[in-house]
Amino acid sequence: MYRTHTCGQLRLTDAGQNVTLAGWVQSKRQFGSLIFLDIRDRYGITQVVVDPDSGTDMQKIADSLGREFVIQASGAVRERQAKNADRETGDVEVFAKTIKVLNAAKTPPFTIEDESDGGEDIRMQYRYLDLRRGPLQNAIIFRSKMAQAIRSHLSEEGFLEIETPVLIKSTPEGARDFVVPSRMNPGNFYALPQSPQTFKQLLMVSGYDKYFQIVKCFRDEDLRADRQPEFTQIDCEMAFVEQEDILNQFEGLTR
């Protein structure tokens, strides 16, 4: 087992336990032979301490660590003398007994902090580093929770989630299609759907009176402030309804 707890899980009630954490080195503070490591994963940050009692080998390993090294640290949870009220794990620290380097890292081209010193171009070039930052992780987590809430609410309302084909024929929409060449039919192309409603009539006349999709749309058009060539849309279709039914249904979904 690589870890017994996440880096955002430990509290004062865990004091005295032997635990194993795994994550990225957020920062290192060194005061002679006393070394403080902040270990980060998507759940939070925990302070790990290496001191002279840890032994020479541990000192060498801790001394070699840099930002964004991936490590595994095992040791005992203890109460911090100088608590950090801004951190959920700020009342405790882990006194390290062993540290294992899982992956070394080059110094990143910008700081992996909520407020980064990297410009947009460099952050896009190193997107996998940018995605480690708190605001981006929070946005992705929020999007995941929102999709789960949408699915849960609409399922309770009797909607079916139906997946429809992505490789289709071209349809007369407002933008150019993205096309995919067919290997089995040389010279012919599939089009990617500009909107998810393409199969609405097929499903409606087949008796699927309420369905929804959280689905990709593809439009070969100039960029907008809130849209890129590939974007996601929530598509809901209903039969045997009037305007008031639709308003009530989707006011409930929005709430």
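Quick look at the structure, then.

About the criteria used
- Sequence order sets the numbering: in each chain, residues are counted from 1 along the sequence as written.
- Selection of residues for local features in this predicted model requires a pLDDT of at least 70, selection of side-chain atom pairs for listing and counting requires 80 or more, and totals for whole chains, interfaces and linings are taken over all residues.
- The side-chain figures draw on all heavy atoms in the structure; neither hydrogens nor water molecules are used.
- Secondary structure elements are taken from DSSP: a helix is a run of H or I of four residues or more, a strand is a run of E of two residues or more, and numbering for both begins at the N terminus.
- Note on contacts: a residue pair is in contact if any heavy atoms of the two residues lie within 4.5 Å.
- For helices, the axis comes from a line fit to the C-alpha atoms of the stretch in contact; other axes are also lines fit to C-alpha atoms, and the angle between any two N-to-C directions lies between 0 and 180 degrees.
- Each crossing gets its hand from how the near helix is turned against the far one by less than a right angle, where anticlockwise is left-handed and clockwise is right-handed.
- Nonpolar residues are Ala, Val, Leu, Ile, Met, Phe, Trp, Tyr, Cys and Pro. Charged residues are Asp, Glu, Lys and Arg, and all others, Gly as well, are polar.
- Only buried residues count toward a nonpolar core, which is a set of Ala, Val, Leu, Ile, Met, Phe, Trp, Tyr and Cys residues joined through side-chain atoms within 4.5 Å.
- Note on exposure labels: buried denotes an accessible area under 20% of the residue type's maximum, exposed denotes more than 50%, and partly exposed covers the range between, all computed with a 1.4 Å probe on protein chains only.
- When DSSP finds at least two bridges between two strands, those strands are taken to pair.

1. Details of the environment of leucine 65
Part 1: Here leucine 65 shows up in the loop between α1 (56-64) and β4 (70-79).
Part 2: For leucine 65 and alanine 149, which are 84 residues apart along the polypeptide, the C-alpha to C-alpha distance reads 41 Å.
Part 3: Setting aside residues up to four positions removed in sequence, leucine 65 forms contacts with Val25, Lys28, Leu37, Ile71, Ile99 and Val101.

2. Observations concerning the packing of helix α4 (residues 134-156) against helix α6 (residues 243-254)
Part 1: The interhelical angle for the contact between α4 and α6, taken along N-to-C directions, is 145°, at an axis separation of 10 Å. As for how α4 packs across α6, the hand of that crossing is right-handed. Across the interface between the two elements, Ile150, His153 and Leu154 from α4 touch Gln249, Gly252 and Leu253 from α6.
Part 2: Per-class residue counts for the contact of α4 with α6 are three nonpolar, three polar and no charged.

3. A look at unusual backbone geometry
Glycine aside, the phi torsion of most residues is negative, and most peptide linkages are trans.
Part 1: The phi torsion at glutamate 68 lies on the positive side, around 75°, for a residue other than glycine.
Part 2: Secondary-structure assignment places glutamate 68 in the loop between α1 and β4.
Part 3: Positive phi, normally seen in glycine, also occurs at phenylalanine 240, with a value near 55°.
Part 4: Residue placement: phenylalanine 240 occurs in the loop between β10 (230-238) and α6.

4. A few points about the nonpolar core
Part 1: Within the largest apolar cluster, 21 residues are counted, with the highest numbers of intra-cluster contacts made by Leu37, Val48, Ile71 and Ile99.
Part 2: Among the elements of the structure, β1 (18-31), β2 (34-41), β3 (44-50), α1, β4 and β5 (92-103) are those that each provide at least two residues to this core.
Part 3: Among the elements that line this core, the one with the most residues is β5, at four residues.
Part 4: Sequence-distant contacts of isoleucine 99, that is, excluding residues within four places in its chain, are made with Leu37, Val50, Met58, Ile61, Leu65, Ile71, Gln72 and Ala73.

5. Here's the deal with the sheet that holds β10
Part 1: One open sheet accounts for three strands, arranged β6-β9-β10; its pairing is mixed. Only two strands of the sheet have a single neighbouring strand rather than two, namely β6 (160-161) and β10.
Part 2: In this sheet, strand β9 (residues 210-218) lies alongside β6 in parallel orientation, the contact comprising two bridges. Paired with glutamate 161 across the two strands is phenylalanine 212, which belongs to β9.

6. Comments concerning the sheet that holds β2
Sheet strands line up and pair through hydrogen bonds in the backbone, either parallel or antiparallel.
Part 1: Pairing in this closed barrel of five strands is mixed, and the strands run β1-β2-β3-β5-β4 around the ring. If you compare each strand with its neighbour and ignore which way they point, the axes differ by 55° on average.
Part 2: As paired elements, β4 and β5 share ten bridges and run antiparallel to each other. Following the sheet pairing, glutamate 79 is matched in β5 by valine 92.
Part 3: Against the sheet, α1 engages β1, β2, β3 and β5, with an angle of about 75° to β5.

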